[in-house]
Amino acid sequence: MAISNLSKAIVVISSLMVIQICWARIPFEQEYLIPQNIARAAVNLPPLVWNETVAQFARSYAKERAGDCNLQHSDTQLYGENIAMSPAYLSPTSAAELWVGEKPNYDYASNKCKDMCGHYTQVVWRDTTSVGCASVKCHNGGTFVTCNYYPPGNWVGAKPF
């Protein structure tokens, strides 16, 4: 009888811990960083760190896109840039997963893309060390997401790692 009560107690405590973990919110920076750093770790690169200066640029540019939600890059030469847009809510994690999801399109041996892969190669660019990201709810209800990378990558002819 004591074992069954102990088992019940373990199940209840475990369930409460799962609920608490699900309700816990990770910092929004980590929502961007985790999927990108998993992709970098897969190719033996150090993790990106959050760069608040770059994030300020990303926030400023995201605000510019709020009116039209156009999937349009900024004109900056200071930073690399990945952008995403959705007609509905797009989480930071989902946007980052879109970019790293391009990995199967990149062929390292030839340094070519079979399809779109430039977002992935920016994420795993060896010399890039930091990132700043932002998202905005657009006036049409969509979401615009941007991550900017320092130093920038995707130099023509160079391999990312």
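Residues numbered from 1 in each chain as written. Predicted model: local features only at pLDDT ≥ 70, side-chain atom pairs only at ≥ 80, totals over all residues. Heavy atoms only, no water.

## Considering the overall build of the protein
The condition is simple: Counting from the N terminus, the helices are DSSP H or I runs at least four residues long and the strands are E runs at least two residues long. Remark: exposure states derive from per-residue accessible area (1.4 Å probe, protein chains only) relative to the maximum for the residue type, with buried under 20%, exposed over 50%, and partly exposed in between. Residue exposure ignores everything except the shown protein chains as possible cover, and the areas themselves are Shrake-Rupley values with a 1.4 Å probe.
Looking only at helices and strands, the protein has 5 helices and 6 strands in total. Reading the protein from its N terminus to its C terminus gives the helix and strand order α-α-β-α-β-α-β-β-α-β-β. Within the span of the protein, comprising 161 residues, buried residues form 41% of the whole. Accessible surface for the protein amounts to roughly 9400 Å². Of this, 62% is attributable to carbon and sulfur atoms.

## Describing a nonpolar patch on the surface
Quick note on the threshold: Patch membership requires over 30% relative accessible area and the absence of a salt bridge. Like charges are linked within 9 Å, and nonpolar side chains (Val, Leu, Ile, Met, Phe, Trp, Tyr) within 5 Å. Any carboxyl oxygen of Asp or Glu that lies within 4 Å of a side-chain nitrogen of Lys or Arg is treated as forming a salt bridge with it.
The grouping of Ile26, Ile34 and Ile38 at the surface amounts to a nonpolar patch, some 270 Å² of accessible area in total. Of the residues examined, Ile38 reaches a relative accessible area of 57% and is grouped as exposed.

## With respect to the packing of helix H2 (residues 28-42) against helix H4 (residues 92-100)
Working note: a packed helix pair is described by the angle between its axes plus the distance between those axes. Stated precisely, the cut-off is as follows: Axis geometry follows a simple rule: fit a line to the C-alpha atoms, using only the stretch in contact for helices, then measure angles between N-to-C directions, giving values from 0 to 180 degrees. Note on terminology: angles under 35 degrees are roughly parallel, angles over 145 are roughly antiparallel, angles of 65 to 115 are roughly perpendicular, and the others are oblique. By definition, any crossing whose near helix is turned counterclockwise from its far helix by less than a right angle is left-handed, and any crossing with a clockwise turn is right-handed. Residue contacts are counted whenever heavy atoms from the two residues lie within 4.5 Å of one another. Residues were grouped as follows: Ala, Val, Leu, Ile, Met, Phe, Trp, Tyr, Cys and Pro as nonpolar; Asp, Glu, Lys and Arg as charged; and all remaining residues, including Gly, as polar.
Two elements in contact, H2 and H4, have axes separated by 7 Å at closest approach and are oriented at 25°. By the angle between their axes, H2 is roughly parallel relative to H4. The two elements H2 and H4 meet at a crossing, and its hand is right-handed. In this structure, H2 contributes Glu31, Tyr32, Pro35, Gln36 and Ala39 to the contact, and H4 contributes Pro92, Thr93, Ala96, Glu97, Trp99 and Val100. By residue class, the composition of the contact of H2 with H4 is 7 nonpolar, 2 polar and 2 charged.

## A few points about H4
What counts is decided by this rule: Summarising the geometry, the arc corresponds to the directions from the helix axis toward the C-beta atoms.
Listed in full, the buried residues belonging to H4 are Pro92, Ala95, Ala96, Trp99 and Val100. The arc that holds the buried residues of H4, viewed along the axis, is 130°, so those residues lie on one side. Each element contacted by the buried residues of H4 is listed here: H2, strand E2 (80-86), helix H5 (118-123) and strand E6 (143-150).

## Re the packing of aromatic side chains
Aromatic ring pairs are described here by two measures, namely the spacing of the ring centres and the angle between the planes. Rules: Each Phe, Tyr or Trp ring, with Trp reduced to its six-membered ring, pairs with another whose centre is within 6.5 Å; inter-plane angles below 30 degrees give stacked pairs, above 60 give edge-to-face pairs, and intermediate values give tilted ones.
Following the criterion strictly, the structure yields 10 aromatic pairs and no others. Each ring, one from Tyr106 and one from Tyr120, has its centre 6.3 Å from the other, and the planes form 45°; the classification is tilted. Linking Tyr106 in strand E3 (residues 106-107) with Tyr120 in helix H5, this pair joins segments that are 14 residues apart in sequence. Comparing Tyr106 with Tyr120, the two get one shared label, buried. Grouped by ring-pair contacts, the aromatic residues Tyr106, Tyr108, Tyr120 and Phe161 constitute a single cluster.

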